[in-house]
Amino acid sequence: MPSIESNAVPSAGSEPGTAVERTEVETYLELRQDLAECLRDNGLPDTKDPDDLGVFTVQIGAPGADKALTACRELGLESREVPKVIQEQIEARRLSKITPQEKQFEIDLADCMHENGIAEWPDPPASGDRPTPNWEQPDTTSSAPNGLREVMELCNRKLGNGPAN
């Protein structure tokens, strides 16, 4: 069953920097907790409280999910921006989970793409995260290079679909 991850904020014990940020973070965290409670009250009783960054998972397609999400829309979280300090902490957490094998796979994939005629394939950043090619960027006018699908299939056969293979 697909899920979405819900982003939020660190606990009040975190050191976001300024009093303005701290207030923004605390307010956002309270709203995320309210959302979890609202979801539980409106048909998703297994919804867990947000973690230390306010992240929690909602099972899309679970019985009652649409009803609960609609009922909780009144909290107005869609229109609320995640505080920058929280975005940075969530991104740092995500990047810290990238394994050395995953980093090496992205390097090997870029090498394979280049060796097989897709020079436009970007090299991975130092973090090891998968790079986003120009043709996949939002608001781009670039188009995917000819033969991309075939070369991707070739490289996937050569390397496997990732470090788990």
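Residues numbered from 1 in each chain as written. Predicted model: local features only at pLDDT ≥ 70, side-chain atom pairs only at ≥ 80, totals over all residues. Heavy atoms only, no water.

### Remarks on the side chain of Thr 47
Here comes step 1: Locating Thr 47 in the fold gives a position in the loop between helix H1 (19–41) and strand E2 (56–59).
Here comes step 2: For Thr 47, the side chain forms a polar contact with the main-chain oxygen of Leu 44, separated by 2.9 Å.
Here comes step 3: Sequence-distant contacts of Thr 47, defined by excluding residues within four places in its chain, comprise Ala 36, Leu 39, Arg 40 and Phe 56. (Helix = DSSP H or I, 4+ residues; strand = E, 2+ residues; numbered from the N terminus. Polar contact = N/O pair within 3.5 Å; in protein donor to acceptor, adjacent residues only side chain to side chain. Contact = heavy atoms within 4.5 Å.)

### A word on a negative patch on the surface
Here comes step 1: A contiguous patch of negative charge on the surface is contributed by Glu 26, Glu 30, Asp 34, Glu 37 and Asp 41.
Here comes step 2: Structurally, Glu 26 can be placed in helix H1.
Here comes step 3: Assessed through its relative accessible area of 31%, Glu 26 is described here as partly exposed. (Patch = residues over 30% accessible without salt bridge, like charges linked within 9 Å, V, L, I, M, F, W, Y side chains within 5 Å. Areas by Shrake-Rupley, 256 points an atom, 1.4 Å probe, with all protein chains shown as cover. Salt bridge = Lys/Arg side-chain N within 4 Å of Asp/Glu carboxyl O. Lys, Arg positive; Asp, Glu negative; His and termini not counted. Charge placed at Lys NZ, Arg CZ, Asp CG, Glu CD. Buried < 20%, exposed > 50% of the residue type's maximum accessible area, 1.4 Å probe, protein only.)

### Some remarks on helix H4 (residues 100–115)
An α-helical segment advances 3.6 residues per turn. Residues three or four places apart therefore align on the same side.
Here comes step 1: With 16 residues, H4 extends 22 Å from end C-alpha to end C-alpha; this agrees with the ideal 22 Å at 1.5 Å per step.
Here comes step 2: Residues of H4 that are buried include every one of Phe 105, Glu 106, Leu 109, Ala 110, Cys 112 and Met 113, and no others. Relative to the axis of H4, the buried residues are bounded by an arc of 165 degrees and lie together on one face. With respect to the buried face of H4, the exposed residues turned more than 90 degrees away are Pro 100 and Glu 115.
Here comes step 3: Taken together, the buried residues of H4 touch helix H5 (148–159).
Here comes step 4: One or two steps after H4, the chain reaches Gly 117, where phi turns positive at roughly 95 degrees. (Expected span 1.5 Å × (residues − 1). Arc of directions from axis to C-beta.)

### Observations regarding the state of the cysteines
Here comes step 1: Taken as a whole and assessed by the stated rule, the structure comprises two disulfides.
Here comes step 2: Sulfur-sulfur distance for the disulfide between Cys 112 and Cys 155 comes to 2.1 Å. Taking the sign of the S-S torsion, about -95 degrees here, the bridge from Cys 112 to Cys 155 comes out left-handed. Residue Cys 112 is found in helix H4, and its partner Cys 155 is found in helix H5; the two are separated by 43 residues along the sequence. Like Cys 112, the residue Cys 155 is buried in the burial classification.
Here comes step 3: Going through the chain in sequence order and numbering each bonded cysteine, the pairs you get are 1-2, 3-4. (Disulfide = S-S within 2.5 Å.)

### A short note on the confidence of the model for the chain
Here comes step 1: This prediction gives the chain a mean pLDDT of 80; 82% of its residues lie at or above 70.
Here comes step 2: Ranking the elements of the chain by mean pLDDT puts strand E1 (residues 3–6) last, at 40, and H4 first, at 92. (pLDDT = per-residue confidence, 0-100.)

### Here's the deal with the nonpolar core
Here comes step 1: Ranked by internal contacts, the top residues of the largest apolar core, which has 13 residues, are Leu 35, Leu 39, Leu 44, Phe 56, Val 58 and Cys 72.
Here comes step 2: At the level of elements, H1, E2 and helix H2 (65–72) are the ones that each hand at least two residues to this core.
Here comes step 3: At five residues, the largest contribution of residues to this core is made by H1.
Here comes step 4: Not counting the four nearest positions on each side in its chain, Leu 39 is found in contact with Leu 44, Thr 47, Phe 56, Val 58, Ala 68, Leu 69 and Cys 72.
Here comes step 5: Ranked by size, the runner-up nonpolar core spans 12 residues in total, among them Phe 105, Ile 118, Met 152 and Cys 155. (Core = buried A, V, L, I, M, F, W, Y, C linked by side-chain atoms within 4.5 Å.)

### As for the environment of Leu 159
Here comes step 1: With respect to the helices, strands and loops of the structure, Leu 159 is situated in helix H5.
Here comes step 2: Overall, Leu 159 belongs to the partly exposed group, its relative accessible area being 24%.
Here comes step 3: Spatially, the C-alpha atom of Leu 159 lies 7.7 Å from that of Asp 108, the residues being 51 residues apart in sequence.
Here comes step 4: Contacts of Leu 159, omitting those with residues within four sequence positions, involve Phe 105, Asp 108, Leu 109 and Cys 112.

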